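Residues per chain are reported as follows:
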Amino acid sequence: MAGGAVTVSLKEKAAQRPKHINESTAVRIVLISIALLFLVAVVLLPLLSVFVEAFKKGTDVYFAALRDPDALSALKLTLTTAVIAVPLNTVFGVAAAWAITKFRFRGKNILITLIDLPFAVSPVISGLVFVLLFGAQGFFGPWLADHDIHILFALPAIVLATTFVTFPFVARELIPLMQAQGVQEEEAAASLGAKGWQIFWRVTLPNIKWGLLYGVILCNARAMGEFGAVSVVSGHIRGETNTLPLHIEILYNEYQFAASFAVASLLVMLAVLTLIIKSFIEWRTNAKSPERSADDAH
């Protein structure tokens, strides 16, 4: 079409939809109201209450809690764990999604089931698995003790537990995306003489980049907020093995409510930042769709 991109108004789209999915205005208002009320009651109000409690005793107490050495240590450990675990899960997620969607092999369904395993297993159980492996009475415990290698109650165990809990996010975001795209473009590139890495960098990666970023952001958000598995393997050593969620729990149990909510607000702000980046990626992804539709129309 020579007149530029094809645009379809919302009214025309609504008219094209089957009548059985065109609900009345009253039904739409009721459904939207229920959704908004639920979100306000379950999500927005609790989050706002965190900031209200954090600033209840003034800004001096708030910033003093954030400047506390234990809080800074917990923040550093949380970010360090995320910096290590997220790239590991990114590499695994891309490799697993590529293998599952691009190749045929025995055990594919078993691999998919194993990827979903952390969603079904309690994080506490995930932490106990590493205690059974690396604890003093665990499978590798005696050997680690003989060689003075510290896994449990140290950074390695925290990273391992976080990686285990968060590894499905990138893979689960990419698998349906890559299945929908198929293998036609990769096969065309291979027929033109492209090698494996060339196909990945020039064909596969550009097609999955927004889905990959989306999965990485979700993985990072869960890594920073993980509590159950990390609580089991960390040992709760103050100033050394406490992440932000564990530090918040300790402050709350010690009745330092203002300090605990102050640190919690920091974790909320990190989550909000993640949400903003996620929304930006969704916007960019949706912005690409009309361009592709217009190209297809031409």
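Residues numbered from 1 in each chain as written. Predicted model: local features only at pLDDT ≥ 70, side-chain atom pairs only at ≥ 80, totals over all residues. Heavy atoms only, no water.

## Comments concerning the overall build of the protein
The secondary structure content of the protein amounts to 14 helices and 0 strands. Element order for the protein, N to C, with α for helix and β for strand: α-α-α-α-α-α-α-α-α-α-α-α-α-α. Out of the 298 residues in the protein, the part that is buried amounts to 34%. Long-range contacts, defined here as pairs at least 24 residues apart, represent 72% of the contacts in the protein between residues at least 6 apart. (Helix = DSSP H or I, 4+ residues; strand = E, 2+ residues; numbered from the N terminus. Buried < 20%, exposed > 50% of the residue type's maximum accessible area, 1.4 Å probe, protein only. Contact = heavy atoms within 4.5 Å.)

## Brief notes about the packing of aromatic side chains
Scanning all chains against the criterion turns up 16 aromatic pairs. Taking 5.9 Å as the distance between ring centres and 25 degrees as the angle between the ring planes, the aromatic pair formed by phenylalanine 134 and phenylalanine 140 counts as stacked. Residue class for phenylalanine 140 comes out partly exposed when judged on its relative accessible area of 36%. Note on phenylalanine 280 and tryptophan 283: the rings are 5.9 Å apart at their centroids and 35 degrees apart in plane angle, and the pair reads as tilted. Separated by 3 residues within a single helix, phenylalanine 280 and tryptophan 283 lie in helix α14 (residues 257–297), roughly one turn from each other. On the basis of relative accessible area, phenylalanine 280 is assigned to the partly exposed category, the value being 43%. With relative accessibility at 54%, the residue tryptophan 283 sits in the exposed group. An aromatic cluster is defined as three or more aromatic residues linked by ring pairs; in this entry it consists of Phe92, Phe130, Phe134, Phe139, Phe140, Phe164 and Phe167. (Phe/Tyr/Trp six-rings, centres within 6.5 Å; stacked < 30°, edge-to-face > 60°.)

## Thoughts on the pattern of salt bridges
Going through the model one piece at a time under the given rule, you end up with 5 salt bridges. Where lysine 56 meets glutamate 53, a salt bridge forms, and the shortest distance between an N and an O atom there is 3.9 Å. The exposed category is assigned to lysine 56, whose relative accessible area is 62%. Glutamate 53 sits in the partly exposed class, given a relative accessible area of 27%. The closest approach of N and O atoms between arginine 222 and glutamate 226, which form a salt bridge, is 2.9 Å. Taken together, the salt bridges that share partners define one network made up of Asp70, Arg238 and Glu254. (Salt bridge = Lys/Arg side-chain N within 4 Å of Asp/Glu carboxyl O.)

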